[in-house]
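One letter stands for each residue in the lines below.
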Amino acid sequence: MRIIVTGVTGQLGRIAAETLLEKVPADRLIAVARNVEKAAWLAEKGVEVRHGDYNDLASLLKAFEGGGKLLFVSSSEASDETLRALQHATVTRAAKMSGITHIAYTSIFRAQESPLALSLLHRTTENMIRLSGIPYTFLRNTFYTEVFVNESLRQAVESGALVTPIATAGLNTASRADMAKAAAAVLMSDGHENRIYEITAPKLWTMKELAQILSDVSGKPVVLKPATAAEYAKILAGWGMPEPAAAMFAALYAQLDEGEFAQTSDDLTRLIGETTPLETVVKRALA
Ligand SMILES: NC(=O)c1ccc[n+]([C@@H]2O[C@H](COP(=O)([O-])OP(=O)(O)OC[C@H]3O[C@@H](n4cnc5c(N)ncnc54)[C@H](OP(=O)(O)O)[C@@H]3O)[C@@H](O)[C@H]2O)c1
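Residues numbered from 1 in each chain as written. Predicted model: local features only at pLDDT ≥ 70, side-chain atom pairs only at ≥ 80, totals over all residues. Heavy atoms only, no water.

Participant: Got a minute to help me understand the packing of aromatic side chains in this structure?
Facilitator: Two numbers describe a pair of aromatic rings. These are the distance of the centres and the angle of the planes. Following the criterion strictly, the structure yields 10 aromatic pairs and no others. Ring geometry for Y54 and F72: centres 5.8 Å apart, planes at 85°, overall edge-to-face. Placement of the pair is Y54 in the loop between β3 (48-51) and α3 (57-63) and F72 in strand β4 (residues 68-72), with a sequence separation of 18 residues. Like F72, Y54 is buried. With 4.2 Å between their ring centres and 15° between their planes, Y136 and F138 make a pair best called stacked. Residue class for Y136 comes out buried when judged on its relative accessible area of 12%. Put simply, the rings of F109, F143, F148, W205, Y232, F249, Y253 and F261 pair up and form one aromatic cluster. Here R14 stacks its cationic end above the ring of W41, 4.2 Å away from the centre of that ring. (Phe/Tyr/Trp six-rings, centres within 6.5 Å; stacked < 30°, edge-to-face > 60°. Helix = DSSP H or I, 4+ residues; strand = E, 2+ residues; numbered from the N terminus. Buried < 20%, exposed > 50% of the residue type's maximum accessible area, 1.4 Å probe, protein only. Lys NZ or Arg CZ within 6 Å of the ring centre and 35° of its normal.)

Participant: How should the domain arrangement of the protein chain be read in this particular structure?
Facilitator: Where interface size is given, it is often the accessible area lost as the parts come together that is meant. We note that the domain assignment places domain 1 (3-141) and domain 2 (147-170 + 202-262 + 276-286) within the protein chain. The straight-line distance from the C-alpha centre of domain 1 to that of domain 2 is 30 Å. Contacts between the two partners involve six residues from domain 1, matched on the other side by five residues from domain 2. Interface area, domain 1 with domain 2, both sides summed: about 520 Å², of which 73% is carbon and sulfur. Looking only at domain 1, the three residues that lose the most surface to domain 2 are F109, P115 and L116, adding up to 73% of its buried area. The interface formed by domain 1 and domain 2 contains one salt bridge. Salt-bridge contacts for R110 lead to E260; the nearest nitrogen and oxygen are separated by 3.0 Å. Taken together, the residues of the side of domain 1 that touches domain 2 break down into four nonpolar, one polar and one charged. (Domains from an automatic or database assignment. Contact = heavy atoms within 4.5 Å. Buried area = accessible area lost by both parts, 1.4 Å probe. Salt bridge = Lys/Arg side-chain N within 4 Å of Asp/Glu carboxyl O. Nonpolar A, V, L, I, M, F, W, Y, C, P; charged D, E, K, R; others polar.)

Laid out in structure tokens, this is it:
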């Protein structure tokens, strides 16, 4: 059966496609992109690249023609959550009309229970997929570790202070590559129909531990400096983030300090084996 992957021009979809190509012949894969030129690297490897835009049902019907299994990477549309929900409804409808036999969807950790505003879209999308009757796998991805561990940490190393509103809570984040590999594993093996996986690291980490790793890796002392959401929003705005986005992220991080992402699951380890240690992600971010 052919495997169709959307979002291949993005970071997660790219790694999922690369992982699949290590295990399945290129002619079993179909890559879907709204900008097919960005997926030229896949065409060069012998993968069929089809145009598909989440805003355009007709394009998706062509992209999903012939059916198969589908990795549906959630939209990155940032401007409007209603538009994203419409896009997801369009993808689900196209999948149903094209005879897709299994959808693996990149959802969010605890999609049905989470009070976080950003979970609503994923909760709605899970419900749409369930209603479609297509067998599904919900890959309920936690935050990528890279959301917290990225180039911005160089600033923490330079100043000697890791400023964050996430003062004490444990975080269950996993690397984006690990999550992409989990998605590929679900598409390459059987027995994942109508299953829900809470995709988290097997163990929590804290910002205090991150400060210690930053010290160890850089050779310079870095200490944790807790901040309120308001203080953190000002810092983000000072780094050039638009004020509404800065306020949103700061409020979200403050919510995370209440332990919203402080539960773990073994699902990711079961799917891919050993996960990437936090220290490895830190080294990559500072390299
Ligand atoms: N778990 C987390 O921490 C986290 C963090 C951020 C985002 N996410 C979610 O996870 C998804 C995958 O993450 P990522 O890091 O791979 O994001 P990404 O690098 O931004 O990739 C998003 C992919 O979706 C494609 N896309 C966006 N709008 C589309 C449309 N209208 N039609 C067809 N394709 C469209 C993009 O195509 P283009 O290349 O043409 O833009 C790209 O290939 C994101 O889209 C977002 O929903 C999760």
